[in-house]
Amino acid sequence: GNSVTQMEGPVTLSEEAFLTINCTYTATGYPSLFWYVQYPGEGLQLLLKATKADDKGSNKGFEATYRKETTSFHLEKGSVQVSDSAVYFCALSGNTGKLIFGQGTTLQVKP
Amino acid sequence: DAMVIQNPRYQVTQFGKPVTLSCSQTLNHNVMYWYQQKSSQAPKLLFHYYDKDFNNEADTPDNFQSRRPNTSFCFLDIRSPGLGDAAMYLCATSRSGTSRAYEQYFGPGTRLTVT
């Protein structure tokens, strides 16, 4: 079945550091891929998405590229801020429309 | 702004006392989902409505029920809450349940405490 694997956290970075959160997936067919962010005590917010191979999703300085050959969708940001501290979830959506989530990665950014 | 609204944000109930959580949306989406999330784990899908069609996940306990009286509103009923049901409950919507391309929009969640 479909599954998503994220790098384990927590990830602790200093402000302005480069961020990479790895995400790989297993799926039949051609899923859509998403990154959601969850700030403390809040619901999930869609950060970015990609619906086909080689698509690059981007938003608020975050980027991720849909790599079919490596079944990956790694999240990157060139310079993180304290306000980026949150839990990040990688997810895929197959033909049913249901989301399959990774386990989440906690990012803590220190001033 | 179009959005998904959940009320209340915080709910305290007693062990065994029925509780209802509500969700409304102004996005006019035809699919609505209920998730349970514990301690920053990934959300776990309980059930979803595709229009009026109810779809239960195989491992959702019978203690959890849902109602969708119209397109805009959806309710989660917990008939006899146990201590293990304390969690964040998230409502989400999307435009179509059969298209992989449509993202889900989440509400802010209701934090349920069971005493």
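Read on for a plain summary of the structure.

What counts and what doesn't
- Residues numbered from 1 in each chain as written.
- Chains lettered and ligands numbered in written order.
- Predicted model: local features only at pLDDT ≥ 70, side-chain atom pairs only at ≥ 80, totals over all residues.
- Heavy atoms only, no water.
- Contact = heavy atoms within 4.5 Å.
- Buried area = accessible area lost by both parts, 1.4 Å probe.
- Salt bridge = Lys/Arg side-chain N within 4 Å of Asp/Glu carboxyl O.
- Disulfide = S-S within 2.5 Å.
- Helix = DSSP H or I, 4+ residues; strand = E, 2+ residues; numbered from the N terminus.
- Buried < 20%, exposed > 50% of the residue type's maximum accessible area, 1.4 Å probe, protein only.
- 1 Å grid on protein atoms, 1.4 Å probe; cavity = no way out; pocket = protein on both sides within 12 Å on 5 of 7 lines; lining within 4 Å.
- Points joined across faces, edges and corners; volume = space filled by probe spheres on them.
- Nonpolar A, V, L, I, M, F, W, Y, C, P; charged D, E, K, R; others polar.

On the side of chain B, 24 residues touch chain A, which itself brings 25 residues to the contact. Interface area for chain A against chain B, summed over the two sides, is near 1800 Å², with a carbon-plus-sulfur share of 49%. Together, L44, K98 and F101 of chain A form the three largest contributors to the area buried by chain A at its contact with chain B, with a combined 24%. Connecting chain A to chain B are three salt bridges.

Here we come to the state of the cysteines. By the definition in use, this model includes two disulfides over all chains. Put simply, C23 of chain A and C90 of chain A are joined by a disulfide, and their sulfur atoms are 2.0 Å apart. Across the S-S bond of C23 of chain A and C90 of chain A the torsion is about -70 degrees, and the bridge reads as left-handed. Here C23 of chain A is found in strand β4 (residues 23–26), whereas its partner C90 of chain A is found in strand β10 (residues 86–93), with 67 residues between them in sequence. With respect to burial, C23 of chain A and C90 of chain A carry one shared label: buried. Between C23 of chain B and C91 of chain B runs a disulfide, and the two sulfur atoms are separated by 2.0 Å. The sign of the S-S torsion, about -70 degrees, decides the handedness of the disulfide formed by C23 of chain B and C91 of chain B: left-handed. Separated by 68 residues along the polypeptide, C23 of chain B in strand β3 (residues 19–25) and C91 of chain B in strand β9 (residues 87–94) bring together distant segments of the chain. For C74 of chain B, which is in no disulfide, the shortest distance to another cysteine sulfur is to C91 of chain B and amounts to 6.0 Å.

Look at the link from G9 of chain A to P10 of chain A: it is a cis peptide, with omega at -5 degrees. As for its placement among the helices and strands, P10 of chain A is situated in the loop between β1 (3–6) and β2 (11–14). Cis geometry marks the peptide bond from N7 of chain B to P8 of chain B, where omega comes out at -10 degrees. Mapped onto the fold, P8 of chain B is located in the loop between β1 (4–7) and β2 (10–13).

This brings us to the layout of surface pockets. Approximately 320 Å³ is the volume attributed to the largest pocket. Together, 17 residues line the largest pocket, and T96, K98, L99 and I100 of chain A together with L45 of chain B are the ones closest to its centre. Residue assignment for the lining of the largest pocket shows that the elements contributing at least two residues are β11 (99–101) of chain A together with β5 (44–50) of chain B. Sort the elements by how many residues they give to the lining of the largest pocket and β11 of chain A lands first, with three residues. Split into classes, the residues belonging to the lining of the largest pocket amount to nine nonpolar, five polar and three charged.

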